[in-house]
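# Close look at the chain arrangement
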Number of protein chains: 2
Amino acid sequence: MQPRTHVTLEDVARAADVSLATASRALNGMRVTPQLRDRVLAAAEQLAYTPNAHARALAGASHRTVGVICHDVSDPYFAAVAGGVMRIAGDNDLLVMLASTFRDPEREIAYVSMLRAERAPAILLIGSGFEDARWERALDAELKPYLDGGGRVAVVSRHRSLKVDSVLPENRAGAAAMARALLDLGHRRFAVLAGPPALTTVADRLGGFRDELTKAGVSLDPADIMEGPFTRDGGYRAMTELLARGLTATCVFALTDVMAIGACAALRDHGLSVPDDVSVAGFDDIPIVRDLTPPLTTVALPLQQLGEKAMELALTENTGRRRRILRMGGEVVVRASTAKLN
Amino acid sequence: MQPRTHVTLEDVARAADVSLATASRALNGMRVTPQLRDRVLAAAEQLAYTPNAHARALAGASHRTVGVICHDVSDPYFAAVAGGVMRIAGDNDLLVMLASTFRDPEREIAYVSMLRAERAPAILLIGSGFEDARWERALDAELKPYLDGGGRVAVVSRHRSLKVDSVLPENRAGAAAMARALLDLGHRRFAVLAGPPALTTVADRLGGFRDELTKAGVSLDPADIMEGPFTRDGGYRAMTELLARGLTATCVFALTDVMAIGACAALRDHGLSVPDDVSVAGFDDIPIVRDLTPPLTTVALPLQQLGEKAMELALTENTGRRRRILRMGGEVVVRASTAKLN
DNA sequence: CTCGGCCCTGAATGCGCTTTCAGTAAGCGC
DNA sequence: GCGCTTACTGAAAGCGCATTCAGGGCCGAG
């Protein structure tokens, strides 16, 4: 009952009356006389022995705890991706150290450093990066020695200058497809709820959307593009602002579903109906949007798979000389939040 | 560039031309001649040195990685609670090892064991327990030596026979309050979407609801109680089954919001309107239900706070001799998914 | 019956770090 | 200028485990 005193392998060995080495071997399933093995196992069981993972890692056994860094676990997007990560981790008997940065670059770098200290065999970075390129460089500086030391890094939905394996959503193609779908519905006047333009996710989605519009001879007035944080409230406020300015668009494209949800709420609070008055479309296809009224038209991303694939990338050796890049998703799912323009 | 080779403290010491002990002290902010300290710090910086957390933990320095076990991070309920946990963890420079059990008892116990092996100073268990009491005992057996070894355990929404600090939602009182609210609306015939009755969460919510109904002279027909997993699809299927049997209730109480969402979808697919044809109420107040159409009437739980408080409990010494128990939430929030019965 | 060979066991080493413990140089008063 | 305290520094021990290296028992073969 004395605090911080743990049963050690030596205790087990003594209880089983064998040497430390034998006890270690018995517990690790190496060849040992069955009778001795049983004695050791019984002693371990009886003493409620748990090997010290630190000692084990220090002594050279590989460490089974990987690191995952995301912006915010409570965001449905990250929660879904994290779900996939967890599934693969669980299947491989891995523990996951999950860190939420809350979009604080400093914190993200600190977490990488901690994960490096933990000698995590792999680190996953989930989500778009920082608005400031200096932070990206600082992150690179932290990642570099980790990679050089044999660490594995994989990212989801995030461009990196370093050679790391990536799982990337089809942001540009998906947004373009959405543009076509909305044009097909007859819309010609659009508003976009965007995020910080420095994020590649924003640049790609916005770019893909705008370019496709341009191809069709439709232009996107900069005044119809509202920036805001990638949150429900960010969407709500951006939409409200757009409304205050006098909305001329017949269709609003939010760069993330979460923003779209906020936008719908703002429209509703403004007495407008979706899709009768305004069509709304999102991006990501987080699980809940199916159950909204009306269900949200969006660009589908296989969120759970994004996490699964990233974990798999991080777990398998990259034998090639180039970074592996998986592009996924991007199909438009038309639901009831968008209507034909009559 | 040789794999798995890390810069060690010894390398730093050599580079700074000081002893290992001095290097350690300089890095840990103990009193060292400024000049030496600078040399050490510079060398560390230059070599991109990261202390080995394992060696450090082994050598006695306290370890700053706590464990959190939940059923599924991608469930909005857990995601929200985890968000609170992460916030407090971040504020305390703690790394969180998050494990998803996917409701597999064996896996949960394995995770506790791994966390024990990691010598995590604290373990948080989030979510209702197992249906089978034998698993609960097995978990106790795993937890016991951890507690004896000085480990701290806190649970959220989960009764335990062991003396551990707890954050408990006001399940019984909340459900009772919901019953009153629904009775006040004029409803007399109810259906309940429940989960496995062995879970205390289910027993408390169902019990509180039923008892309050009984007080008002209203009885709950067992045939109107449908069990199902605590998931969206569980709610959908349970509701569908109820509908297939011929629904007589005017109001459906789902024991979790996630189930309520499924129920609403089933009703809609069945051509029924909420709340015009059937009122629906939930429990938990996960963030999204505010944005549903109609917004869901539910029993509010301060989900993020649940996580925050649990983390705080786990981080502070329990000086008293009794386990600390925090009861939170339980207020009914009436929204548009429930209507007055005319 | 004896010797070589094999397999299993136990003693000892080292992983990287923190932390005594002892030692040395500097600083002070007389 | 001498002896003593004070303040750092450096050597070394040890955290708990995996693992290497010898040593010893047992077997079969000669």
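The paragraphs below set out a description of the structure included in this document. For every chain, the first residue of the written sequence is number 1, and numbering continues from 1 onward in sequence order. Working convention: letters from A go to chains and numbers from 1 go to ligands, in the order in which they are written. Only residues with pLDDT of at least 70 get local features here, since the model is predicted, and only at 80 or more are side-chain atom pairs given and counted; chain-wide, interface and lining totals rely on the full set of residues. Computation of side-chain values covers all heavy atoms of the structure but excludes hydrogens and water.

### Description of the nonpolar core
As a reminder, the rule being used: Only buried residues count toward a nonpolar core. Its members are Ala, Val, Leu, Ile, Met, Phe, Trp, Tyr and Cys residues joined through side-chain atoms within 4.5 Å. The buried label goes to any residue with under 20% of its type's maximum accessible area, the exposed label to any with over 50%, and the partly exposed label to all in between, with areas taken from a 1.4 Å probe on protein chains only. Contact criterion: two residues are considered in contact whenever any of their non-hydrogen atoms come within 4.5 Å of each other.
Ranked by internal contacts, the top residues of the largest apolar core, which has 160 residues, are A:Leu193, A:Phe209, B:Leu193 and B:Phe209. Among residues more than four places away in sequence, those in contact with A:Phe209 are A:Ala175, A:Ala176, A:Met178, A:Ala179, A:Leu182, A:Phe190, A:Val192, A:Leu220 and A:Phe253. Core analysis: the second largest hydrophobic core is formed by 38 residues, B:Ile69, B:Ala99, B:Leu115 and B:Val155 among them.

### Notes on the interface of chain A and chain B
Applicable threshold: The buried area of a pairing is the accessible area, by a 1.4 Å probe, that goes missing from both parts when the two are put together, added over both. Definition used for salt bridges: Asp or Glu carboxyl oxygen within 4 Å of a side-chain nitrogen of Lys or Arg. Secondary structure elements follow DSSP: runs of H or I of four or more residues count as helices, runs of E of two or more count as strands, with numbering from the N terminus.
The partner chain B presents 60 residues to the 60 residues of chain A that form the contact. Across the chain A/chain B interface, buried area totals approximately 5200 Å², and carbon plus sulfur atoms make up 58% of it. In terms of surface lost to chain B, no three residues of chain A exceed A:His54, A:Leu95 and A:Arg119, which account for 15% of the buried area on that side. Across the contact surface, chain A and chain B share four salt bridges. Here B:Asp91 makes a salt bridge to A:Arg107, at a shortest N to O gap of 3.7 Å. Elements represented by at least two residues in the side of chain A that touches chain B include exactly helix 4 (53-58), helix 5 (76-91), strand 2 (95-100), helix 6 (105-117), helix 7 (133-148) and helix 11 (257-269) of chain A. Broken down by element, the residue count for the side of chain A that touches chain B peaks at eight residues, all from helix 5 of chain A.

### Quick word on the sheet that holds strand 11 (residues 325-328) of chain B
For clarity, the threshold we go by: Strands pair, by our definition, only if DSSP identifies at least two bridges between them. Orientation is described by axes fitted as lines to C-alpha atoms, over the contacting stretch for helices, and by angles from 0 to 180 degrees between their N-to-C directions.
Pairing is mixed in the open sheet, where twelve strands are placed in the order 11(A)-5(A)-4(A)-3(A)-1(A)-2(A)-2(B)-1(B)-3(B)-4(B)-5(B)-11(B). Each having just a single partner strand, strand 11 (325-328) of chain A together with strand 11 of chain B make up the two edges of the open sheet. For this sheet, the mean angle separating the axes of adjacent strands, direction not counted, is 20°. Here strand 1 (residues 65-70) of chain B runs beside strand 3 (residues 122-126) of chain B; their pairing, made up of three bridges, is parallel. In the strand pairing of strand 3 of chain B, B:Gly67 is matched with B:Ile123. Its contacts with the sheet put helix 6 of chain A on strand 1 (65-70), strand 2 and strand 3 (122-126) of chain A together with strand 2 (95-100) of chain B, and the angle it makes with strand 1 of chain A is roughly 175°. Lying on the sheet, helix 5 (residues 76-91) of chain B is in contact with strand 2 of chain A together with strand 1, strand 2 and strand 3 of chain B; it crosses strand 3 of chain B at an angle near 160°.

### A word on the protein's contact with DNA strand D
Basically, it comes down to this: Residues are labelled near a given molecule or strand when at least one of their non-hydrogen atoms is within 4 Å of it. Here a polar contact is recorded for every N or O atom pair within 3.5 Å, except that within protein the pair must consist of a potential hydrogen donor and a potential acceptor, and residues adjacent in sequence are included only if both atoms are side-chain atoms. When residues are sorted by character, Ala, Val, Leu, Ile, Met, Phe, Trp, Tyr, Cys and Pro go into the nonpolar class, Asp, Glu, Lys and Arg into the charged class, and all the rest, Gly among them, into the polar class.
Near DNA strand D lie 23 residues; those nearest to it are A:Leu9, A:Ser24, A:Tyr49, B:Thr22 and B:Thr33. Each atom of DNA strand D within 4 Å of the protein was classed as base or backbone; sugar and phosphate made up 64%. With respect to DNA strand D, the backbone of A:Leu9 contributes an N or O atom lying 2.3 Å from a phosphate oxygen. At 2.8 Å, a side-chain N or O of B:Arg25 approaches a base nitrogen of DNA strand D. Its residues assigned to classes, the surface near DNA strand D comprises twelve nonpolar, seven polar and four charged.

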